[in-house]
Amino acid sequence: MKKKLLILTLSILALTGCTNLNNASLDEITNTMLSSKSSLANTVFDGYKYYVPRGLRLVMKNDYNASFLDEYNNTYYLYIDIISYYNKEKLDYNTNKNAYFSKELNYNNKEGYLEITKVKDSNYYFIEYMYNYGKIEAFVKEKELNSAIINMSSVLSSLKFNRTVLETIVGNKVLNYKEDTYDVMKPKGSTATKDTYLEYEEKYGIYEGYGDNKEEDIIEIEEN
């Protein structure tokens with residue numbers, strides 16, 4: 001019972017913190033979200049697990065790719081690079097001075113970048129959030145940026161790998177998977193269009209079987 005109360009308390013604090021961050025700058029959001037160590041997960045797959053916040057709904061899963069819908073009906077696309085994790089590859093990112101927002105990330109010995117670019121001739125912004133060997137991409141409106149970054153930070157910062165399980169998988173996946181993800185994990189910037197995701201959905205399809213995240217689904221996991 002004490003453990004359940006502790007987990008519920010942490011969940012309430014997390015939700016309260018996110019509410020306050022809605023009015024913060026993008027830099028403040030990443031600093032706050034990524035500097036804290038996450039110990040929660042409610043979504044578990046072979047070799048990895050992560051926490052999906054209440055504001056997101058998992059709607060597709062295919063190998064190491066997934067997609068979510070947020071409260072504004074925006075689609076977030078998640079890619080997980082198990083090969084780079086397995087090989088402990090280092091990030092190579094140069095800040096983009098032409099982007100709406102560009103930042104190299106380094107928190108708790110985890111690397112990444114956040115790059116946001118304005119989509120030409122539209123009122124959308126393209127988010128590329130790479131962190132902890134995972135990457136989330138989405139097109140959102142300016143007023144939805146803070147909410148999106150909070151949601152993405154929750155998922156990516158909580159991502160944890162089971163190296164023992166991955167060792168049994170990587171040998172079969174390394175050749176095909178590396179080719180598929182090499183360009184995905186690099187910034188696309190202003191070259192991306194919303195048609196990119198139509199092609200993605202045609203390739204991977206829609207995953208059935210996952211509904212809204214509920215507080216009682218939250219489970220505590222051990223730190224590696």
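Remember, predicted model here, so these are calculated numbers, not experimental data.

### Side note on the pattern of salt bridges
Tallied over the full model, the rule gives 3 salt bridges. For K135, the salt bridge identified is with E137, shortest N-O distance 3.0 Å. Judged by relative accessible area, E137 falls into the buried class, the value being 0%. When salt bridges with common partners are traced through the structure, they connect E128, K135 and E137 into a single cluster.

### Overview of the sheet that holds strand β11 (residues 160-161)
One open sheet accounts for 3 strands, arranged β2-β3-β11; its pairing is antiparallel. A strand with exactly one partner marks an edge of an open sheet, and here the two such strands are β2 (43-45) and β11. When β2 meets strand β3 (residues 48-50), the two strands line up antiparallel, connected through 3 bridges. Paired with T43 across the two strands is Y50, which belongs to β3.

### Quick notes on the sheet that holds strand β6 (residues 75-80)
Paired through backbone hydrogen bonds, the strands of a sheet run either parallel or antiparallel to each other. Strands sit in the order β4-β5-β6-β10-β9-β8-β7 across an open sheet of 7 strands; the sheet is antiparallel. The open sheet has two free edges, formed respectively by β4 (57-62) and β7 (101-107), since each of these has just one partner strand. Across this sheet, the average inter-strand angle for adjacent strands is 15 degrees, counted without regard to direction. Where β6 and strand β10 (residues 134-141) come together, 4 bridges link them in antiparallel fashion. If you follow L78 over to β10, its bridge partner there is I136. Docked against the sheet, helix α2 (residues 26-35) engages β7, β8 (110-118) and β9 (124-131), running at close to 20 degrees with respect to β7. In the packing of helix α4 (residues 145-158) onto the sheet, contacts are made with β6, β8, β9 and β10, and the angle to β9 comes to roughly 20 degrees.

Calculation notes
Residues numbered from 1 in each chain as written. Predicted model: local features only at pLDDT ≥ 70, side-chain atom pairs only at ≥ 80, totals over all residues. Heavy atoms only, no water. Salt bridge = Lys/Arg side-chain N within 4 Å of Asp/Glu carboxyl O. Buried < 20%, exposed > 50% of the residue type's maximum accessible area, 1.4 Å probe, protein only. Pairing = 2+ DSSP bridges. Helix = DSSP H or I, 4+ residues; strand = E, 2+ residues; numbered from the N terminus. Axes fitted to C-alpha atoms, helices over the stretch in contact; angles between N-to-C directions. Contact = heavy atoms within 4.5 Å.

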